[in-house]
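Residue-level listing of the chains:
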Amino acid sequence: MNEKENGEIRRHTRRDRSNMTAIYGCYVNAQKTILSQFRLSTGTMSENEGDRYFTFMKKILSGGVGRNLIDIGFSTQQVMEGEEHKLLMALRDCKLADEELLAQFYGKIIETVQSDDNYLILIGCDAYDVPFKNRNDDDDADRAEETYRYLLCGICPVKDSKPALAYDSEEKVFHDGAIRQQLAPPTVGFLFPSFDDRTTNIYHAQLYTRDTGDNHEELVKALFNTDPVMAAKDQKQAFEALLERSLDDECSLEVVQAVQTELTQLMAMHKESKVADPLLISKDQVEAVLTANGVSEEKISKFSVDFDDTFGFEAELHPKNVVDQKHFQVKTPDVTINVAPESSHLVQTKIIEGMKYILIAADENVEVNGVNVNITEERELAQV
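Presented here is a report on the structure given in the accompanying data block. Remember, it's a predicted structure, so these values are computed and weren't measured experimentally.

Focus: the overall build of the protein chain
Logical step 1: If you tally the helices and strands in the protein chain, you get 11 helices and 18 strands.
Logical step 2: Expected size for 384 residues packed as a compact globule is a radius of gyration near 21 Å; at 27 Å, the protein chain overshoots this value by more than 25%.
Logical step 3: Dimensions along the principal axes, computed over C-alpha positions, put the protein chain at roughly 80 × 65 × 45 Å.
Logical step 4: Evaluated residue by residue, the protein chain yields a buried proportion of 41% over its 384 residues.
Logical step 5: The long-range share in the protein chain, meaning contacts at least 24 apart out of those at least 6 apart in sequence, stands at 63%.
Logical step 6: Accessible surface computed for the protein chain: about 22,900 Å², of which carbon and sulfur atoms make up 46%.

Here's what the structure looks like:
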């Protein structure tokens, strides 16, 4: 699913638009004991309560594609015979009404989730009449292409509120208030099936993770029987280590700058073009940058092999997961230099009389602890 498709389903997931007639919950403690199970009719909820529940459900569709929203694929064999896929399809088809299936589903999550806090499993089944798009990409409300039926599930931590003095309206004073258990937004969840090309795709699901450093491997295996992709934060660290290891003594400031600049520019162009599909980069694109910046064929060959070993054969990566498009940092044990990515060309490295230096062009205003200072030719000569 791309950002546009996520946005379309997210806009539908509102109490005044949704066809989700009930929200089901399973409240579990840290010892994996079920404390309660419930079914809440969305039609009888108060306006505030309904808005809060749907806010949590919408959260499962929020964040960046490839970072917070991760594609989960099923093989053809899984779709035909897999128990996990069969359970999800059965839950969707019965609209969560089958208590035995729901208990089986809750059990898979409870067996997998390790938590120091109590948590609530929230799940609902919705149906979206997908509007027909005319030639101008406008909705035709009188025509529907299909009804997209899907499950939305989130796992929400339950936190104890902090003790506080609360106002007693009868006594008109403040007393020590009781600690209350409050529901927090989901930390992980999923949408099934995917809404790809504005149609139902039972070969894919979409995982939501609030923490881009956690891909919830055990939960993904339990619910989907597949290995998740590497977490976004781990992809960045792995890519950085890959450059350093593969290029070795040819991993220069200029080469790293070139990779950063190329990927940042690609992201900017992709954003300006307003293409709905997410931007992905291949190994070949990075190799082209390395070649253009003088990296030897030997090092590029090693990069190619190491790339496949790290990310998988013919893997494509979201560039926002492997470079920081908002920061460029040069760091030594004693000094850290932060530069805007578009100005990274101002930083150079040179060897002067056998000593290695980081040089920064400083033709404009220079401040030291907030004080404007002058750089004179005489001072430079004195220091040399």
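There is more to say after this.
Describing the state of the cysteines
Logical step 1: With the rule as written, the count across this model stands at zero disulfides.
Logical step 2: You can see Cys 26 has no disulfide; the closest cysteine sulfur is in Cys 153, sitting 10 Å from it.
Logical step 3: Classification of Cys 26 as buried rests on a relative accessible area of 0%.
Logical step 4: When its relative accessible area of 2% is taken as the criterion, Cys 153 is described as buried.

Regarding the pairing of strand S2 (residues 34-41)
Logical step 1: Two strands pair when backbone bridges link them, and strand S1 (residues 22-28) and S2 are joined in this way by seven bridges, in the antiparallel orientation. Looking at the pairing, Gly 25 lines up with Phe 38 of S2.
Logical step 2: Hairpin remark: S1 followed by S2, antiparallel, with five residues in the connecting loop; positive phi at Lys 32, about 70°.

Notes on helix H1 (residues 3-12)
Logical step 1: Along H1, the positions that sit buried rather than exposed are Glu 5, Asn 6, Gly 7, Glu 8, Ile 9 and His 12.
Logical step 2: One side-chain oxygen at the N-terminal end of H1 lies 3.1 Å from the backbone nitrogen of Lys 4; it belongs to Asn 2.

A word on a nonpolar patch on the surface
Logical step 1: A surface patch of nonpolar side chains, amounting to about 350 Å² of accessible area, comprises Ile 352, Met 355, Tyr 357 and Leu 359.
Logical step 2: Here the nonpolar patch gets three residues from one element, more than from any other, and that element is strand S16 (residues 355-360).
Logical step 3: Checked against the element boundaries, Ile 352 lands in strand S15 (residues 347-352).
Logical step 4: Using a relative accessible area of 40% as the deciding quantity, one classes Ile 352 as partly exposed.

Details of the nonpolar core
Logical step 1: Among the nonpolar cores identified, the biggest contains 36 residues, and Phe 105, Tyr 106, Ile 109, Ile 121 and Phe 224 are the most heavily contacted of them.
Logical step 2: Tallying contributions element by element places helix H5 (residues 99-112) first for this core, with six residues.
Logical step 3: Counting residues in each nonpolar core, the second largest holds 26 residues, with Met 20, Tyr 27, Phe 54 and Val 130 among its members.

Remarks on the side chain of Asp 126
Logical step 1: Mapped onto the elements of the fold, Asp 126 is located in strand S4 (residues 118-133).
Logical step 2: In this structure, Asp 126 is buried with no salt-bridge partner, the nearest side chain bearing the opposite charge being Arg 149 at 7.0 Å.
Logical step 3: Looking at Asp 126, its side chain comes within polar contact range of the side chain of Ser 18, at 2.6 Å.
Logical step 4: Here the side chain of Asp 126 touches Asn 19 through a polar contact of 2.9 Å, landing on its backbone nitrogen.
Logical step 5: Non-local contacts of Asp 126, meaning those with residues more than four positions away in its chain, are made with His 12, Ser 18, Asn 19, Met 20, Tyr 148, Arg 149 and Tyr 150.

Focus on the packing of aromatic side chains
Logical step 1: In total, this model carries 10 aromatic pairs according to the counting rule given.
Logical step 2: For the ring pair Tyr 148 and Tyr 150, a centre distance of 4.8 Å and an interplane angle of 15° mean the geometry is stacked. Considered together, Tyr 148 and Tyr 150 belong to a single accessibility category, that of buried residues.
Logical step 3: A network of ring pairs unites the aromatic residues Phe 74, Phe 105, Tyr 106, Phe 190, Phe 192 and Phe 224 as a single cluster.

What about the packing of H5 against helix H6 (residues 217-224)?
Helix packing geometry: the angle between the two helix axes and the distance between the axes.
Logical step 1: H6 packs onto H5 with a crossing angle of 155° between their chain directions and a minimal axis gap of 9 Å. Accordingly, the angle class assigned to the pair H5 and H6 is roughly antiparallel. Seen along the crossing, H5 lies across H6 with a hand that is right-handed. Side by side, H5 and H6 meet where Phe 105, Lys 108, Ile 109 and Thr 112 of the first sit next to Glu 218, Leu 219, Ala 222 and Leu 223 of the second.
Logical step 2: Across the contact of H5 with H6, the residue classes tally to five nonpolar, one polar and two charged.

Focus: unusual backbone geometry
Logical step 1: The omega torsion across Phe 192 and Pro 193 is -15°, close enough to zero to call that bond cis.
Logical step 2: Positionally, Pro 193 belongs in the loop between strand S9 (188-192) and strand S10 (194-196).
Logical step 3: The phi torsion at Glu 353 lies on the positive side, around 50°, for a residue other than glycine.
Logical step 4: Relative to the helices and strands, Glu 353 resides in the loop between S15 and S16.

Things to note about H5
Logical step 1: Over its 14 residues, H5 runs 20 Å from end to end, which matches the ideal 20 Å to within 8%, given 1.5 Å per residue.
Logical step 2: Of all the positions in H5, only Leu 101, Leu 102, Phe 105, Tyr 106, Ile 109, Ile 110 and Thr 112 are classed as buried.
Logical step 3: Its side-chain oxygen 3.0 Å from the backbone nitrogen of Glu 100, Asp 98 forms the N-cap of H5.

Regarding the environment of Phe 328
Logical step 1: In this structure, Phe 328 sits in strand S13 (residues 328-331).
Logical step 2: C-alpha of Phe 328 to C-alpha of Leu 91: the two residues are 237 residues apart in sequence and 47 Å apart in space.
Logical step 3: Ignoring any residue separated from it by four or fewer positions in sequence, one finds Phe 328 in contact with Leu 253, Gln 257, Gln 260, Ile 337, Asn 338, Val 339, Pro 341 and Ser 344.

Topic: the pairing of strand S14 (residues 336-339)
Logical step 1: Side-chain alternation along S14 places Ile 337 and Val 339 on a buried face and Thr 336 and Asn 338 on a face that remains uncovered.
Logical step 2: If you look at the hairpin formed by S13 and S14, you'll find four residues sitting between the two strands.

Criteria and thresholds
Residues numbered from 1 in each chain as written. Predicted model: local features only at pLDDT ≥ 70, side-chain atom pairs only at ≥ 80, totals over all residues. Heavy atoms only, no water. Helix = DSSP H or I, 4+ residues; strand = E, 2+ residues; numbered from the N terminus. Rg over C-alpha atoms; globule rule 2.2 N^0.38 Å. Buried < 20%, exposed > 50% of the residue type's maximum accessible area, 1.4 Å probe, protein only. Contact = heavy atoms within 4.5 Å. Areas by Shrake-Rupley, 256 points an atom, 1.4 Å probe, with all protein chains shown as cover. Disulfide = S-S within 2.5 Å. Pairing = 2+ DSSP bridges. Polar contact = N/O pair within 3.5 Å; in protein donor to acceptor, adjacent residues only side chain to side chain. Patch = residues over 30% accessible without salt bridge, like charges linked within 9 Å, V, L, I, M, F, W, Y side chains within 5 Å. Salt bridge = Lys/Arg side-chain N within 4 Å of Asp/Glu carboxyl O. Core = buried A, V, L, I, M, F, W, Y, C linked by side-chain atoms within 4.5 Å. Lys, Arg positive; Asp, Glu negative; His and termini not counted. Phe/Tyr/Trp six-rings, centres within 6.5 Å; stacked < 30°, edge-to-face > 60°. Axes fitted to C-alpha atoms, helices over the stretch in contact; angles between N-to-C directions. Parallel < 35°, antiparallel > 145°, perpendicular 65-115°, else oblique. Left-handed = near helix turned anticlockwise from the far one by under 90°. Nonpolar A, V, L, I, M, F, W, Y, C, P; charged D, E, K, R; others polar. Expected span 1.5 Å × (residues − 1).

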